[in-house]
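# Structural description and commentary
This is what each chain is made of:
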Amino acid sequence: MSELIIFLSLLLVWVFTLYIFRNKESDSFSLWGPILMWKTEKGKRFIERVAIKEKFWKRYADFGIALSLIFMFATFALIIYNVYLSFKISPENAPSPRMMIGLPGINPVIPVGYGILALAVAIIIHEFSHGILAMAEKIKVNALGLIFLIVPIGAFVEPDEEELEKVSRRKRSRVFAAGPTSNMILAFICAILFSSVMMGVVSPKVDGAMINGEIANSPFDVAGVKSWSVITSFNGEEIKSVDDYKNAIEYMEPGKEYNATIFYEGRSSNISVIGGLVIAGVIKDYPASSAGLKAGDVLCKISINGTSTEITSSKIFSQVMNQTKAGEEIEVAYYRYENGKFENQSVMVTLVDKYDYYQKYNPKENKEEYRGKGFMGISTAPMGITTVPMNYYIQKLAHPLSDMKSFFFYIALPFAGFSPFPKAFISLFATPLPSSIFWPLANIFYWLFWLNFAIGTFNVLPAVPLDGGYIFKDGISFVAQKIRKKWNKERIEKISSVITTIFSVIVLLAIVSMLIVPRLRALL
């Protein structure tokens, strides 16, 4: 409620500000709907002083052209691949329109505070780089300015368009390449500071198995254990690693109570949990779902033709299911948490063909030996939790280029709920600076990396009015002139404009298709 009051208060102040400037619009201030744009001459001298090293900036921009072309093709290929994925993913997993907008407060994964700071830095760096290269190439800069929507959301440098059109393709491409190049270089610097400098000095406070996921109504969940807890002992055995934990729970008597010690947010506590293999997921419209089994149920016994087998581990469960046949009816006994306690229940389940399921949903993993085998349609997790080593995430963050999974995890950190870092997670690690300083600083470096990388790579796409669109157009013009030397300037310009327009439309349709294709598939 307090956040809503603050937002409404800021909105009222903004409306009042717009009303004032509406009646006092001048050359310095102008309105575009709810957006206020401020133009100024201030800052031009600073850009002139920086741009005086002309030779350096020209070489910098030449490198930027090459870098922009590399990321142009890579980002374009990635977008086309995502269009392909839009025909595969479910509507529930499709990105929402809000997720496609990189503005704090609109995009749900970008935190407002860190997001505004990083976005402001990214845009200022981007636009000032354009200005520096314009002046280094002797192109007049008409004005600088800021764009406001309650808070500053952008900046701009306005080179003289007529002069920009008259200079050579190379000079013009240098100006356009400067912005995204600076964003990507700053992103690289911040990534090094975040990974090698900051994550490299983080160490776990305790040894054990970190819980990074749990099933609702499973034993640990019922005991009040939350994600980012650490199991330091189980059934009287000290747990110093995930392997220790796996060995301790290798064979458990379903329904029997076990003692465990949990470390969470700086404190250790002793709990009691029942053992067993927990149903982690139930596939809709398959036997387990039809029989009423649910995620969180603890498997107890499976009876086949009157012979019961106690399910003490995942291995035993797999062995039992491999003995079943499609069409066979089995009895599943299980514990379900209801009315404040785990109650023993049972249900009859008629199995389907395992081969048919894999052939329909996962043909690459299908095997001939699955043909005729019984299939219930569940996934399982011992004790209803997943665990990882204490340094699992820190190592991925400190070494994001060690493998592709680490790299994509690094890029997708906000979508995994890791940025800003959860309080319970950071409480597990010791840092050289006080936690109240270290982790906010780490978050700042990460978001400077993330938004600069996003703005830099997006802006090099071959689509006008993005920087990459103009670089692409000049590149097409250059190639056309080399191939067709007899063509006049007007014809080359027309062809390069048509090709650039085609690519611009492709990029736009690709982005829109990522939003609508999965939803249209759901309607068909």
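What this report covers is the structure whose coordinates are included nearby. (Residues numbered from 1 in each chain as written. Predicted model: local features only at pLDDT ≥ 70, side-chain atom pairs only at ≥ 80, totals over all residues. Heavy atoms only, no water.)

Next up on the list: unusual backbone geometry. The bulk of non-glycine residues show a negative phi, and the bulk of peptide bonds are trans. Residue Pro-465 is reached from Val-464 by a cis peptide bond, and omega for that bond is 20 degrees. Along the polypeptide, Pro-465 turns up in the loop between helix H15 (435-459) and helix H16 (467-483). At Lys-138, a residue that is not glycine, the phi angle is positive and equals roughly 65 degrees. If you trace the backbone, Lys-138 turns up in the loop between helix H4 (112-136) and strand E3 (141-149). A positive phi angle is found at Asn-305, which is not glycine, with a value near 55 degrees. Residue placement: Asn-305 occurs in the loop between strand E12 (298-304) and strand E13 (307-310). Using a relative accessible area of 68% as the deciding quantity, one classes Asn-305 as exposed. (Helix = DSSP H or I, 4+ residues; strand = E, 2+ residues; numbered from the N terminus. Buried < 20%, exposed > 50% of the residue type's maximum accessible area, 1.4 Å probe, protein only.)

Another point: helix H2 (residues 44-51). All of the buried residues in H2 are Lys-44, Ile-47 and Ala-51. Looking straight down H2, one finds that the buried residues subtend no more than 60 degrees of arc, so they occupy a single side. Exposed residues on H2 whose side chains face more than 90 degrees from its buried face are Arg-45 and Arg-49. (Arc of directions from axis to C-beta.)

This part takes up a nonpolar patch on the surface. Together, Leu-508, Val-512, Ile-516, Leu-520 and Leu-523 make up a nonpolar patch on the protein surface, roughly 480 Å² of accessible area in all. By secondary structure assignment, the location of Ile-516 is in helix H17 (residues 489-523). (Patch = residues over 30% accessible without salt bridge, like charges linked within 9 Å, V, L, I, M, F, W, Y side chains within 5 Å. Areas by Shrake-Rupley, 256 points an atom, 1.4 Å probe, with all protein chains shown as cover. Salt bridge = Lys/Arg side-chain N within 4 Å of Asp/Glu carboxyl O.)

Turning next to the nonpolar core. Counting residues in hydrophobic clusters, the biggest one holds 46 residues, and the most contacted among them are Phe-194, Met-199, Met-210, Phe-421, Phe-425 and Trp-439. Mapped by element, the contributors of at least two residues to this core are H4, helix H6 (169-198), helix H12 (392-398), helix H13 (404-411), helix H14 (423-426) and H15. Broken down by element, this core gets its largest block of residues, eleven residues, from H15. Ignoring anything within four residues of it in the chain, the contact list for Met-199 reads Phe-194, Ile-394, Leu-397, Ala-398, Phe-438, Trp-439 and Ala-442. Formed by 27 residues, the second largest nonpolar core is a distinct cluster that contains Met-72, Leu-133, Val-157 and Leu-164. (Core = buried A, V, L, I, M, F, W, Y, C linked by side-chain atoms within 4.5 Å. Contact = heavy atoms within 4.5 Å.)

Most of strand E7 (residues 230-234) sits out of view: five of its five residues are buried. Note: E7 against strand E9 (residues 257-264), four bridges, orientation antiparallel. Within the sheet, the bridge partner assigned to Val-230 lies in E9 and is Phe-263. With two bridges joining them, E7 and strand E8 (residues 237-238) adopt antiparallel strand pairing. In the strand pairing of E8, Phe-234 is matched with Glu-237. As consecutive antiparallel partners, E7 and E8 are separated by two residues, and within that stretch Asn-235 has a phi angle of approximately 55 degrees, a positive value. (Pairing = 2+ DSSP bridges.)

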